[in-house]
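The lines below spell out each chain.
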Protein chains: 4
Amino acid sequence: MIYFNCDYNEGAHEKIMERLMQTNMEQSEGYGCDTYCGQARKLILEKCRTKDAAVHFLVGGTQTNATVIAAALRTHQGVLAAQTAHINAHETGAIEAVGHKVLVLSSENGKLTAQQVEDAYQAHIADDSFEHIVQPKMVYISQPTELGTLYTLAELEALSGVCRKNNLFLFVDGARLGYGLTAADNDVTLPDLARLSDVFYIGGTKVGALFGEAVVITNPAIQEDFRYVIKQRGGMLAKGRLLGIQFLTLFEDDLYTEISQYANDLAEQIRETLGRKQVPLLVENRTNQIFPILSDDVLAKLGEKYCYTYQQRVDEAHSAVRFCTSWATKKSAVEELCNDLLEML
Amino acid sequence: MIYFNCDYNEGAHEKIMERLMQTNMEQSEGYGCDTYCGQARKLILEKCRTKDAAVHFLVGGTQTNATVIAAALRTHQGVLAAQTAHINAHETGAIEAVGHKVLVLSSENGKLTAQQVEDAYQAHIADDSFEHIVQPKMVYISQPTELGTLYTLAELEALSGVCRKNNLFLFVDGARLGYGLTAADNDVTLPDLARLSDVFYIGGTKVGALFGEAVVITNPAIQEDFRYVIKQRGGMLAKGRLLGIQFLTLFEDDLYTEISQYANDLAEQIRETLGRKQVPLLVENRTNQIFPILSDDVLAKLGEKYCYTYQQRVDEAHSAVRFCTSWATKKSAVEELCNDLLEML
Amino acid sequence: MIYFNCDYNEGAHEKIMERLMQTNMEQSEGYGCDTYCGQARKLILEKCRTKDAAVHFLVGGTQTNATVIAAALRTHQGVLAAQTAHINAHETGAIEAVGHKVLVLSSENGKLTAQQVEDAYQAHIADDSFEHIVQPKMVYISQPTELGTLYTLAELEALSGVCRKNNLFLFVDGARLGYGLTAADNDVTLPDLARLSDVFYIGGTKVGALFGEAVVITNPAIQEDFRYVIKQRGGMLAKGRLLGIQFLTLFEDDLYTEISQYANDLAEQIRETLGRKQVPLLVENRTNQIFPILSDDVLAKLGEKYCYTYQQRVDEAHSAVRFCTSWATKKSAVEELCNDLLEML
Amino acid sequence: MIYFNCDYNEGAHEKIMERLMQTNMEQSEGYGCDTYCGQARKLILEKCRTKDAAVHFLVGGTQTNATVIAAALRTHQGVLAAQTAHINAHETGAIEAVGHKVLVLSSENGKLTAQQVEDAYQAHIADDSFEHIVQPKMVYISQPTELGTLYTLAELEALSGVCRKNNLFLFVDGARLGYGLTAADNDVTLPDLARLSDVFYIGGTKVGALFGEAVVITNPAIQEDFRYVIKQRGGMLAKGRLLGIQFLTLFEDDLYTEISQYANDLAEQIRETLGRKQVPLLVENRTNQIFPILSDDVLAKLGEKYCYTYQQRVDEAHSAVRFCTSWATKKSAVEELCNDLLEML
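This write-up is about the structure you can find in this document. (Residues numbered from 1 in each chain as written. Chains lettered and ligands numbered in written order. Predicted model: local features only at pLDDT ≥ 70, side-chain atom pairs only at ≥ 80, totals over all residues. Heavy atoms only, no water.)

Residue-level contacts link 18 residues of chain C with 19 residues of chain D. Taking both sides of the interface into account, the surface hidden between chain C and chain D amounts to around 1,400 Å²; carbon and sulfur atoms contribute 49%. For chain C, the biggest contributors to the area lost against chain D are Thr92, Glu96 and Lys101 of chain C; these three give 40% of the whole. For the pair chain C and chain D, the interface holds two salt bridges. Notably, a salt bridge pairs lysine 101 of chain D with glutamate 96 of chain C, separated by 2.6 Å at the nearest N-O pair. For the interface between chain C and chain D, the tally reads 10 residue pairs in polar contact (both at pLDDT 80 or more). Within the residue set of the side of chain C that touches chain D, elements represented by two or more residues are α4 (86-89) and α5 (94-97) of chain C. Grouping the amino acids of the side of chain C that touches chain D by side-chain chemistry returns five nonpolar, nine polar and four charged. (Contact = heavy atoms within 4.5 Å. Buried area = accessible area lost by both parts, 1.4 Å probe. Salt bridge = Lys/Arg side-chain N within 4 Å of Asp/Glu carboxyl O. Polar contact = N/O pair within 3.5 Å; in protein donor to acceptor, adjacent residues only side chain to side chain. Helix = DSSP H or I, 4+ residues; strand = E, 2+ residues; numbered from the N terminus. Nonpolar A, V, L, I, M, F, W, Y, C, P; charged D, E, K, R; others polar.)

And the structure:
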């Protein structure tokens, strides 16, 4: 069985594994206060072209989302998010478990528009009984989204503008950020994210690391006492240097860019193959997730050899599914898949 | 200004006020352990034709909803509710603040169907990543709904059936229950509610009392230790007898029924007047809330003399608003309103 | 049976009951936005000799404590309190239920000292692993304390000084404040409380009202959006004017002072009687709670006629108990009790 | 600088690192559903001589404690623990953040007695206002404790007996369990822990792994839906096999025992050296933590070369500190320390 179901089937990039081996018996400070974390922080700040941001390393995405939101919001405040947002759909209510409502906005392609946010904010303050309603205080978006789509720089600037005008935090979940930064149609950079959001994170788990998310906090209001909240929410790794070493390796020599580009190229290859056979896609995108709509017959046949994720039923005979590539996907596996697709379709 | 904006503008029914005066200097046990609470409990159980239910008295609705849900659910469980549900829309995230997600289902008329609940439940257990999704464990409905509509006995039986089949709790918010029980098109009784739900409450605040909601818990799993949770969530009134005295008065001589019927009759009178002028309603119902769609001109004129609640914009020139009657509404006020409506329309 | 077990056995002062009767059928805005609440707010601010404070009315003490603390603290912050503090001992973990640790300091007489607070604060910031420890951010005291003792003005000023120096909120629970303000040995006034604390409340439930606590918030950081939190935590009474009317009545013509003084006088009478018989007290105080240490024989005999609260075992043959007077205690009941005590002892 | 300050300064045992390298590019199911986790579970169950327990792998201790407690307790329930308990002292209020009070019992040596638990339980149910007090429902102990002490089998059996009699859960935090199981004075085995507790965990982070705690749940009431809670609380590692591989390696060929024994032997060597110089210990124990009381002069000199943890001031001139050995401590480092101690003292 060849796995295309997600982008975290394998371990870590070999350079990371080597570095972990080399440093294994070194003694260091715990909880992210070691020199590797220090160097990784410095490097990430350079890549973001900022000096004032705080950088913290956490283990996983759900943990990071809950920690950031718990640190940023007061009890009566909620977070605006698309229906498909990971925090709404796939974290077992982690945000509600820390006491905050996810204020859901509808979205076809996983993205929110600045207008939607403005409307939601205005609707709140215009309501006579606004104090009986959760106060929108943060906007959560993912880049790329859960559907693999991307915000353009213009869209991101518009969102950021609405947020700043209305005193809302903008929080960008970058669990797959590498695949966004290197997508063919991307025009958003790390410095843009640092400049336009209040807090965002750079995903490691899905982009070359064993695990790990690097949170970049530019807004001082969220920076304060953040490490207390990491500890409280169970995200403070005792051997924190494991995170520092991984992010240091990913950002030295632009490994992060290189391996993300690699995965995107493989995805484009699959997309091209599907296009040759006029296979419709549930959603258009250029990142490492592909959402073809295929007949149930073809899916059954594919399923004998390839592992993919079921997304949703489209009509009586067709379903949308998800294929992912990653830094670890083998070229030969993609070629095999493409050949099989050409044959079956 | 004449207030039709809600059903809690005035104090309490005169019989309640008299009883509170008479008993004012009596000494009694606190926290709901007095004899008045005891008698009220007994009377409510009789009206529900059950012996095994637990009856508790709380002060207000938001408090009651949060307390019941906190008592019933484990941390990873959520509550299915209509988009318009009070717990979703108008309690400042009280349910999320106790850690639980409101799992929203769409609804035009404020009601959920048994099929919707079944579908939501099946979708959850069929999902491969079900453990990454909040587990539906309770269904919250209101009777009447926030739009004044009613579940028929058949609908309630179907909902109850789906809940029992799937091991879900059925929780009925009866903040306006009196106006439901006495509506022209109602076929649901207190014994039906006790038989078909796991927990429901009989609203006092909006139906003749100064304040107070009587929670009837039939499911032993929710009964256990419920008083601890009331105390923890701030709902245990020190002078608990105030609640006992009020509910005792409401349920002796069927005062609750009588005053609810009175309010519904006045609502029907307004509805009839609107009907004579072919005024469309946002939603059809026979309880104490009326949702006419009127032109903004007429609304402006009405607004000089009457207080109503704005509901939603319908088109460029029309809006839906809410008029409420209650046990305290004066017949003369309704007549004046009806005359003015006939004149203006 | 004559009840001396607590100070909330009866209803409300007759002037309050009359006012509630008079205004019963008036129509008013809900949720504390009515004119009675407005007038009561204004009057309380005058009594506190401040203009900038916010005044809110809630129903009960546990609710008020949880609401204030939820509004004031971030997720990693806790509240320093005496072991005997109501929030630590008698609110079923309401503070923990909103996510905050009560940081317990030992106390013999129910009071905290400025030095204890300073030490706790310094210990926190001096600890290398301070981020692994709950951050002290608020000091909770009660005036009078749960043991009926009082902070002197000097003590309160010292506490306030330590709090301001270390950027801690000072929160004063005044559930029995009237009995403190009018105690023979008191030198703290309402303006002192407003000046020295960040938030405090004036108890109504135990001092003449049916229910109700008036929260005075002087610190703008806690004022912001406070009504959202009241609603979320279930403390926003629909018929909010019931609270306004009660506090208006209590603070017009200094009724609050008068009835508190009355209760204290009766307590002094009991204390004097006990003193004549050399009955030791668990704790010295001059407010409405008395804690005599009596032999179990005497207690058994007293228990046949009087209801008191068991406090703690002192030795094999003696226990400390609590007798309370209140605004509602009958002079004749106190005389009877004193006569019986003189006879039995 | 040589680190003796904690037992998580280095990475992982070389056998674990090798295994992680070997399996790095394998594709596997995520979230702990892979075959390595399956094998590790099976092996752990065998070691515990039980078949019915559930085994889950989480990343860290704070996370594990909060997850277990969130899964096990209802909202009004709390957990009895020693003052020194990690959940009370060093998790930034993680337990309170999930809504539960830590009910603190005093302890000199980090251990609770069965009698203390019995007394606390009886005090609760005997209190007239028990519903106003957090209900004790779980007992949390650590083995070894935070002070390196151990429960004997007899003590553990007594605790377990009291818990079962009173329907309390017994939860054993085994973050350093290896160092307990192999201590010179230990008579408790893994099957004993499985038999006597409701849930316990086997620490990996401090005993040879990069990270990871293996939770063994024997009580079905806590087993139900546990994976939902892991996910919600941020503890579900995407590449869950990393945990499986580590625990598999630790429990094959009894590596866990071997490396724990090694650390304990080194600790005994340090203890012996201290004993030769009559250095008093803050607490007697035979596990990998040593708590000598040394003069501030000696400590300053030691601090130039060795990193230790400050524990507490003992008198004007002496403090207690902590030295830890671990699976990774070098024999040469211990020899150097012992020589230096002999010289300095």
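A few words on the sheet that holds strand β5 (residues 135-142) of chain C. Residues and elements named next belong to chain C. Read across the sheet, seven strands follow the order β2-β8-β7-β6-β5-β3-β4 without closing on themselves; strand pairing throughout is mixed. Since the sheet does not close on itself, it has two edges, and those belong to β2 (54-58) and β4 (102-105), each with one partner. The sheet shows a mean angle of 25 degrees between the axes of neighbouring strands, direction not considered. In the sheet, strand β3 (residues 77-82) pairs with β5 via four bridges, with the strands oriented parallel. Counted as the bridge partner of valine 79 is methionine 138 from β5. Along the sheet, helix α2 (residues 35-47) makes contact with β2, β7 (199-203) and β8 (213-217), crossing β2 at roughly 125 degrees. (Pairing = 2+ DSSP bridges. Axes fitted to C-alpha atoms, helices over the stretch in contact; angles between N-to-C directions.)

Residue and element names in this part refer to chain B. With respect to topology, seven strands assemble into an open sheet ordered β2-β8-β7-β6-β5-β3-β4, the strand pairing being mixed. Two strands close off the open sheet at either side, each with one partner strand: β2 (54-58) and β4 (102-105). Sheet twist, expressed as the average angle between the axes of neighbouring strands with direction ignored, equals 25 degrees. The sheet contacts of helix α2 (residues 35-47) involve β2, β7 (199-203) and β8 (213-217), and relative to β2 the element is tilted by about 125 degrees. Sheet contacts for helix α3 (residues 61-72): β2, β3 (77-82), β5 (135-142), β6 (169-173), β7 and β8; angle to β6, the most-contacted strand, approximately 170 degrees.

Each side of the interface is counted separately: chain A has 44 residues, and chain D has 44 residues. When chain A packs against chain D, the two sides together hide about 4,100 Å² of surface, and 56% of this comes from carbon and sulfur. Considering only the side of chain A, the residues that lose the most area to chain D are Tyr8, Gln27 and Lys239 of chain A, jointly responsible for 17% of the buried surface there. Summed over the shared surface of chain A and chain D, the number is 30 residue pairs in polar contact (both at pLDDT 80 or more). Elements with a minimum of two residues in the side of chain A that touches chain D: β1 (2-3), α1 (14-22), α3 (61-72), α5 (94-97), α11 (226-232) and α12 (241-251) of chain A.

Shape is all these values report; function is a separate question.
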